[in-house]
Amino acid sequence: MCSTQLDSGLKHGPKRRGTPICRYVCALGRRGFTLIEMMVVISILAILAAVTVPNLSSFVSSSAVSGAQSELVSALALARNEAGRLGAPVFVTAINPITGNEFGGGWRVWRDLNASADYTSGQTPDELIRQFDVPRAGVVMRTVSAGSQFTFQPSGFLASSQATSITICSAKSNKKYTVVLQAVGMPDVSEASSSTCP
């Protein structure tokens, strides 16, 4: 029966039923795999896993750092554009800042409608333009002066006349970004390879 099934799609089926390959495949279908064959396959899979898993972990961490950097830069650009469009100051504020990881809890872009300079969502709420979620676990976003808020004027310039920088990194990745926010409101991104974070 096995040889008939194997040869049914061949042009010269009846002549090839007795070939060694056909007999081997038919016998393999009846007897299954040996223990040695199974152990060889498992060993090869274990070696491949040992080689690829650390590289995959580093790749995921590097991707998380790159994603956090991209989102922060887009938030800064959004705040600058909205300040010019609205003709009013627009803020980028860290959510639940921690010293040494000020923007690690996420951040929001908002407009101050009640002149408090602090984001409120209560009785007289401020206008939330966009909120950015917490970066993946392990990503550190530290500002140089431990600042947790940037204010963009309608001119596009920062309210403070000094440039500031934010370091974005992860202990599980050798990729590190420094975002320098110039006094004119433009972010400048540089990448560095480093094993230390921050």
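The rules behind the values
- Residues numbered from 1 in each chain as written.
- Predicted model: local features only at pLDDT ≥ 70, side-chain atom pairs only at ≥ 80, totals over all residues.
- Heavy atoms only, no water.
- Helix = DSSP H or I, 4+ residues; strand = E, 2+ residues; numbered from the N terminus.
- Buried < 20%, exposed > 50% of the residue type's maximum accessible area, 1.4 Å probe, protein only.
- Contact = heavy atoms within 4.5 Å.
- Phe/Tyr/Trp six-rings, centres within 6.5 Å; stacked < 30°, edge-to-face > 60°.

Caption draft 1: Highlighting the environment of Ile-168. Inspection of the secondary structure assignment puts Ile-168 in strand β6 (residues 164-170). Since its relative accessible area comes to 0%, Ile-168 is described here as buried. Ile-168 has contacts with Val-65, Ala-68, Gln-69, Leu-72, Val-139, Val-140, Met-141, Lys-175, Lys-176, Tyr-177 and Val-179, leaving out every residue within four places of it along the chain.

Caption draft 2: Structural view of the packing of aromatic side chains. Here the structure, examined in full by the defined rule, presents five aromatic pairs. The interplanar angle of 15° and the centroid separation of 4.5 Å between the aromatic rings of Phe-91 and Trp-110 together place this pair among those described as stacked. Of the two residues, Phe-91 is situated in strand β1 (residues 90-94) and Trp-110 in strand β2 (residues 107-111); the sequence distance between them amounts to 19 residues. The exposure classification of Phe-91 matches that of Trp-110, with both residues buried. Seen in terms of ring centroids, Phe-103 and Trp-107 are 6.2 Å apart; in terms of plane orientation they differ by 65°. Their pairing is edge-to-face. Like Phe-103, the residue Trp-107 is buried in the burial classification.

Caption draft 3: Region of interest: the environment of Val-90. Tracing the backbone through its elements, the reader meets Val-90 in strand β1. Of the residues examined, Val-90 reaches a relative accessible area of 0% and is grouped as buried. Between the alpha carbons of Val-90 and Trp-110 there is a distance of 5.8 Å; along the sequence they are 20 residues apart. Among all residues touching Val-90, those that are not within four sequence positions of it are Ala-79, Glu-82, Ala-83, Val-109, Trp-110, Ile-129, Phe-150, Thr-151 and Phe-152.

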